[in-house]
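What follows is the residue order along each chain.
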Amino acid sequence: MIGKMTTAAGLALTLAGAAQAGVIGAGGFSAPTVIDFENAVAGPIDSQYAALGVRFVNFNLDVFATSPAPPSRVALKYVDGSPNIDGSILFSSAITRLGADVSTNPEDDTFIDAYLGNTLVGSALFDTGGDGDDGSFIGVEFLSGFDRVVFRTLPVVNGALALDNLRFENVVPPTPVPEPGSLALAGSALLGLVLARRRR
């Protein structure tokens with residue numbers, strides 16, 4: 001299972017379709033919702049955070065360190081005898097940003113696949129490690145929105161992925177402001193309509 005210390009860093013991003021996306025760091029969240037699992041009860045996480053609009057699939061409560069800090073309660077993706085099993089997080093409404101502190105076996109990379117309904121919005125690959133004594137922050141942003149993320153560990157040692165301080169938010173893209181030239185053109189068109197009406 002997870003056991004010794006190593007470093008981790010986000011590596012690459014793959015886009016599906018034309019969705020706007022990016023790998024983002026821990027400072028990329030202005031007002032996130034954070035789940036630290038400290039009030040979770042033993043067993044499957046499942047619907048323990050349903051009040052926040054979140055449901056977990058194939059994550060159980062455990063204790064590991066996911067950053068340079070003392071071990072604490074985490075959501076662990078690990079099923080004995082099923083190293084290839086994926087962990088999923090489902091949201092009751094679409095979000096645009098998600099991140100967490102993670103720890104995996106050094107040999108395993110972490111993939112995050114984001115979906116909106118059954119449509120793949122995009123994927124991100126992270127070179128993760130930590131062995132349960134350390135880890136790093138991984139985060140993604142897809143402005144088209146997503147309501148489900150799937151965590152995969154490849155190549156799989158035993159499938160273990162410890163997740164802590166899960167944060168997410170829905171950021172509404174800013175409304176485009178018309179350029180001055182567009183405003184002048186619209187004003188000229190309105191003036192032309194008024195003058196044409198007066199002539200009639």
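Just above sits the structure.
Everything in this summary refers to the structure shown in the same document.

Further remarks concern the nonpolar core. Note on soluble globular proteins: their nonpolar side chains tend to be buried together. Counting residues in hydrophobic clusters, the biggest one holds 31 residues, and the most contacted among them are Phe-56 and Ile-89. If you list the elements that add at least two residues to this core, you get strand S4 (54-57), strand S7 (87-104), strand S8 (109-116), strand S9 (119-127), strand S10 (136-154) and strand S11 (161-169). Judged by nonpolar contacts, the second largest core, of 5 residues, contains Phe-64, Val-74, Ala-160 and Ala-162.

What follows covers the pairing of S7. In terms of burial, S7 is a largely internal element, 14 of the 18 residues being buried. Sheet topology note: the S4/S7 ladder contains 4 bridges and is antiparallel. Paired with Arg-55 across the strands is Leu-90, a residue of S7. By the bridge criterion, 11 bridges tie S7 to S10 in an arrangement that is antiparallel. Paired with Val-102 across the two strands is Ser-136, which belongs to S10. Two elements, S7 and S11, share 7 bridges in a ladder whose sense is antiparallel. Looking at S11, one finds that Gly-99 is bridged to Arg-167.

Turning our eyes to something else, we now look at the pairing of S9. Sheet topology note: the S8/S9 ladder contains 7 bridges and is antiparallel. Bridged to Ala-114 within S9 is Gly-122. Counted between consecutive antiparallel strands, the loop separating S8 from S9 contains 2 residues, among which Gly-117 sits at a positive phi close to 65 degrees.

As a further point, take the side chain of Ser-103. Looking at the element boundaries, Ser-103 is found in strand S7. Within the local environment of Ser-103, its side chain forms a polar contact with the backbone nitrogen of Asp-131, the two atoms lying 3.5 Å apart. A polar contact of 2.6 Å, which involves the side chain of Ser-103, links it to the backbone oxygen of Asp-134.

A cis amide bond links Leu-154 to the next residue, Pro-155, at an omega of -15 degrees. Inspection of the secondary structure assignment puts Pro-155 in the loop between S10 and S11. Phi is positive for Asp-131, which is not a glycine, with a value near 55 degrees. Judged by its relative accessible area of 12%, Asp-131 is buried. Here Asn-165, not a glycine, exhibits a phi torsion of approximately 50 degrees, which is positive. Looking at the element boundaries, Asn-165 is found in strand S11.

The subject of this paragraph is the packing of aromatic side chains. As enumerated under the stated definition, the model contains 7 aromatic pairs in all. Ring centres of Tyr-49 and Phe-56 lie 6.3 Å apart, and the angle between their planes is 70 degrees; on these two criteria the pair is classed as edge-to-face. Of the residues examined, Tyr-49 reaches a relative accessible area of 8% and is grouped as buried. Consider the rings of Phe-59 and Phe-151, whose centres lie 6.1 Å apart with planes at 90 degrees: the pair is edge-to-face. Remark: Phe-151 occurs in strand S10 and Phe-59 occurs in the loop between S4 and strand S5 (60-64); sequence separation between them is 92 residues. The exposure classification of Phe-59 matches that of Phe-151, with both residues buried. Members of the aromatic cluster, each reached through a chain of ring pairs, are Phe-37, Tyr-49, Phe-56, Phe-59 and Phe-151. Sitting above the plane of the Tyr-115 ring, Arg-148 keeps its charged end 4.1 Å from the centroid. It is Arg-152 that lies over the ring of Phe-111; its NZ or CZ is 4.7 Å from the centre.

Parameters and conventions
- Residues numbered from 1 in each chain as written.
- Predicted model: local features only at pLDDT ≥ 70, side-chain atom pairs only at ≥ 80, totals over all residues.
- Heavy atoms only, no water.
- Core = buried A, V, L, I, M, F, W, Y, C linked by side-chain atoms within 4.5 Å.
- Buried < 20%, exposed > 50% of the residue type's maximum accessible area, 1.4 Å probe, protein only.
- Helix = DSSP H or I, 4+ residues; strand = E, 2+ residues; numbered from the N terminus.
- Pairing = 2+ DSSP bridges.
- Polar contact = N/O pair within 3.5 Å; in protein donor to acceptor, adjacent residues only side chain to side chain.
- Phe/Tyr/Trp six-rings, centres within 6.5 Å; stacked < 30°, edge-to-face > 60°.
- Lys NZ or Arg CZ within 6 Å of the ring centre and 35° of its normal.

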